[in-house]
Amino acid sequence: MPTPLYDVIVVGLGAMGSSAAWWLAEAGLQVLGVDRFHPPHQRGSSGGRTRIFREAYFEDPSYVRLARQARTAWRRLESETGATLLHQSGGLTIGPPEGPLVTGVTRSAALGQVPVSRLSPPELSERFPQYRLPSNAVAIYEPGAGILFPERCIDAALVRAVDHGATCRFGEPMESYEGRHGVVHVQTSQGEYRSRWLVLALGPWLGPLRGMELPVSVTRQVVVWFRADDRLTRSPEAPLFLQEVGPGTILYGIPDQGEGVKAALHRLGPPTTSESTQPPPTPRECEEIRLLLHQLMPGTWQVQDASVCFYTNMPDGHFMIDHHPANHQVLVVSACSGHGFKFASALGQLVCAEVLGVPKETRNRLFRWRSG
């Protein structure tokens with residue numbers, strides 16, 4: 001008996017895959033989602049308890065429109081599931097006035113008309129007394145920035161996908177795929193499935209795809225949660241922050257949401273692979289982050305928890321969302337270079353638009369759709 005022919009198979013149900021499955025199923029397509037684990041989980045790039053959401057995007061002003069699209073989609077997912085997914089905490093960008101972080105945020109805010117305000121050291125101390133602004137730094141405040149809760153986001157997207165008729169299979173790694181006569185055949189550990197389209201949202205498991213040379217690198221990233229006595233770090237009004245602490249290095253922090261203040265360095269960590277055994281964060285790695293955090297917010301910071309995750313990186317630091325050059329029916333939705341989670345709700349919508357054949361001129365022009 002032949003296996004059912006799905007419209008789309010989505011392999012990898014983390015941030016990007018769960019969102020794609022949600023939008024595709026909502027559009028009325030027959031969707032099968034497959035994952036080697038049971039998302040949400042902590043084995044890839046989509047966990048971490050909290051994530052930063054921002055519109056004044058220092059990396060490139062082109063992301064502003066995509067961020068707004070994503071915010072709308074996250075709010076819609078909240079209303080449909082009753083889950084709290086995005087908390088608007090406000091956010092600070094801190095760094096030298098001529099540095100790439102502050103100049104990038106200022107440029108994106110101006111071009112994208114994102115409300116921001118520049119705070120002098122006295123203004124920052126008065127409004128957010130827990131922060132100590134370095135003498136060579138300025139602070140840009142974005143009131144619309146906020147905190148995403150990634151595990152809730154993934155769970156909510158999968159709930160809506162199933163509500164719209166999608167089938168999800170967990171604990172079932174993909175072993176291979178092949179296009180034959182206009183149909184994509186996907187072999188997993190449990191059997192073979194067929195579909196008209198295949199979406200590969202594999203994150204660090206992207207690896208060397210057959211017939212597609214991707215300059216992707218996977219790096220090990222350390223994240224630490226700190227406990228502090230300062231009640232201001234636990235206030236609902238406490239802003240998240242990004243601080244330029246050196247060339248190519250940004251310290252970021254997310255206020256306490258019940259498990260401590262989350263802090264990490266946004267820079268490429270040591271190279272690794274998704275299948276490698278990941279050593280836990282070392283005391284030295286945690287101490288480097290603690291010292292930087294203490295300089296910005298003086299206090300007694302104690303390590304509450306620490307973990308590692310992956311960045312799946314493109315050389316230019318942007319995203320890779322494209323057709324497989326050998327098979328137009330295969331869409332690769334990765335890599336996201338360590339800053340893609342906030343956009344997942346919109347990227348799933350863009351994947352759906354591609355599958356449905358929405359004209360290219362209506363798509364977000366940020367992406368390089370090399371095929372067709």
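Refer to the preceding data block for the structure.
A word on the sheet that holds strand 16 (residues 261-266)
1) Next: If you trace the 8 strands from one edge of the open sheet to the other, you get 6-7-5-14-15-16-13-17, paired in mixed fashion. Of all the strands in the sheet, the pair left with one neighbour each is strand 6 (117-119) and strand 17 (302-313). Between one strand and the next, the sheet's axes are offset by a mean angle of 20 degrees, whatever the strand orientation.
2) Next: Taken together, the 5 bridges between strand 15 (residues 249-254) and strand 16 define a ladder with antiparallel strand orientation. Following the sheet pairing, Ile 254 is matched in strand 16 by Lys 262.
3) Next: Where helix 3 (residues 100-112) meets the sheet, its contacts fall on strand 5 (91-95), strand 7 (138-142), strand 14 (240-246) and strand 15, and the angle it forms with strand 5 comes to roughly 135 degrees.
4) Next: Running at roughly 55 degrees to strand 13 (residues 217-227), helix 6 (residues 283-296) makes contact with strand 5, strand 13, strand 14, strand 15, strand 16 and strand 17 of the sheet.

Examining the pattern of salt bridges
1) Next: Counting across every chain of the model gives 18 salt bridges.
2) Next: With a closest N to O distance of 2.9 Å, Asp 7 and Arg 196 form a salt bridge. Residue Asp 7 is found in strand 1 (residues 5-11), and its partner Arg 196 is found in strand 12 (residues 192-200); the two are separated by 189 residues along the sequence.
3) Next: In this structure, the salt-bridge partner of Arg 75 is Glu 78, at a minimum N-O distance of 2.8 Å. Placement of both Arg 75 and Glu 78 in helix 2 (residues 63-81) is noted, with a separation of 3 residues, approximately one turn of the helix.
4) Next: Judged by its relative accessible area of 31%, Arg 75 falls in the partly exposed class.

Topic: the side chain of Gln 243
1) Next: With respect to the helices, strands and loops of the structure, Gln 243 is situated in strand 14.
2) Next: A relative accessible area of 8% means that Gln 243 is categorised as buried.
3) Next: Excluding residues that lie within four positions of it along the chain, Gln 243 makes contacts with Ile 94, Leu 101, Pro 134, Thr 249, Ile 250, Leu 251 and Leu 296.

Observations regarding the packing of helix 2 against helix 5 (residues 150-163)
1) Next: The interhelical angle for the contact between helix 2 and helix 5, taken along N-to-C directions, is 65 degrees, at an axis separation of 10 Å. Compared by their axis directions, helix 2 and helix 5 come out roughly perpendicular. The chirality of how helix 2 crosses helix 5 is left-handed. In this structure, helix 2 uses Trp 74, Leu 77, Glu 80 and Thr 81 to contact helix 5, whose residues at the interface are Cys 153, Ala 156, Ala 157 and Arg 160.
2) Next: Partitioned by chemical class, the residues of the contact of helix 2 with helix 5 number 5 nonpolar, 1 polar and 2 charged.

Things to note about the sheet that holds strand 8 (residues 146-148)
1) Next: Spatially, the 3 strands line up as an open sheet ordered 3-8-4, and their pairing is antiparallel. Each edge of the open sheet is held by one strand with a lone partner, namely strand 3 (51-53) and strand 4 (86-87).
2) Next: Here strand 4 runs beside strand 8; their pairing, made up of 2 bridges, is antiparallel. Its bridge partner lying in strand 8, Leu 86 is registered against Leu 148.
3) Next: In the packing of helix 2 onto the sheet, contacts are made with strand 3, strand 4 and strand 8, and the angle to strand 3 comes to roughly 120 degrees.

What to know about the packing of aromatic side chains
Any aromatic ring pair is given by two values, namely how distant the centres are and how the planes are angled relative to each other.
1) Next: Under the counting rule described, the total for this entry stands at 12 aromatic pairs.
2) Next: For the pair Phe 128 and Tyr 141, a centre-to-centre distance of 5.4 Å together with 45 degrees between the ring planes defines the contact as tilted. Here Phe 128, found in the loop between helix 4 (121-127) and strand 7, pairs with Tyr 141, found in strand 7; they are 13 residues apart in sequence, far enough to count as distant.
3) Next: By relative accessible area, which is 8% here, Tyr 141 ends up buried.
4) Next: One aromatic cluster is present, formed by Tyr 57, Tyr 63, Phe 319 and Phe 343 through successive ring pairs.
5) Next: Cation over ring: Arg 152 sits above Phe 149, and NZ or CZ is 4.1 Å from the ring centre.

Let's talk about the nonpolar core
1) Next: The biggest cluster of nonpolar side chains holds 49 residues, and the ones touching the most others in it are Val 8, Leu 24, Val 31, Trp 74, Phe 343 and Leu 347.
2) Next: Put simply, the parts of the chain that give this core at least two residues each are strand 1, helix 1 (15-26), helix 2, helix 5, strand 12, strand 19 (327-333) and helix 7 (344-356).
3) Next: For this core, the leading source of residues is helix 1, giving 8 residues.
4) Next: Counting residues in each nonpolar core, the second largest holds 26 residues, with Leu 92, Phe 241, Leu 296 and Met 297 among its members.

Examining the pairing of strand 12
1) Next: Pairing between strand 1 and strand 12: 6 bridges, direction parallel. Within strand 12, the position partnered with Val 10 by the bridge is Val 199.
2) Next: As paired strands, strand 11 (residues 183-188) and strand 12 are joined by 4 bridges and run antiparallel to one another. The residue of strand 12 that forms the bridge with His 185 is Arg 194.
3) Next: In this structure, the hairpin formed by strand 11 and strand 12 is closed by a connection of 3 residues, where Gly 191 is found at a positive phi of approximately 155 degrees.
4) Next: Here 3 bridges tie strand 12 to strand 19, and the two strands are oriented parallel to one another. Along strand 19, the bridge assignment pairs Val 199 with Leu 331.

Conventions adopted
- Residues numbered from 1 in each chain as written.
- Predicted model: local features only at pLDDT ≥ 70, side-chain atom pairs only at ≥ 80, totals over all residues.
- Heavy atoms only, no water.
- Pairing = 2+ DSSP bridges.
- Helix = DSSP H or I, 4+ residues; strand = E, 2+ residues; numbered from the N terminus.
- Axes fitted to C-alpha atoms, helices over the stretch in contact; angles between N-to-C directions.
- Contact = heavy atoms within 4.5 Å.
- Salt bridge = Lys/Arg side-chain N within 4 Å of Asp/Glu carboxyl O.
- Buried < 20%, exposed > 50% of the residue type's maximum accessible area, 1.4 Å probe, protein only.
- Parallel < 35°, antiparallel > 145°, perpendicular 65-115°, else oblique.
- Left-handed = near helix turned anticlockwise from the far one by under 90°.
- Nonpolar A, V, L, I, M, F, W, Y, C, P; charged D, E, K, R; others polar.
- Phe/Tyr/Trp six-rings, centres within 6.5 Å; stacked < 30°, edge-to-face > 60°.
- Lys NZ or Arg CZ within 6 Å of the ring centre and 35° of its normal.
- Core = buried A, V, L, I, M, F, W, Y, C linked by side-chain atoms within 4.5 Å.

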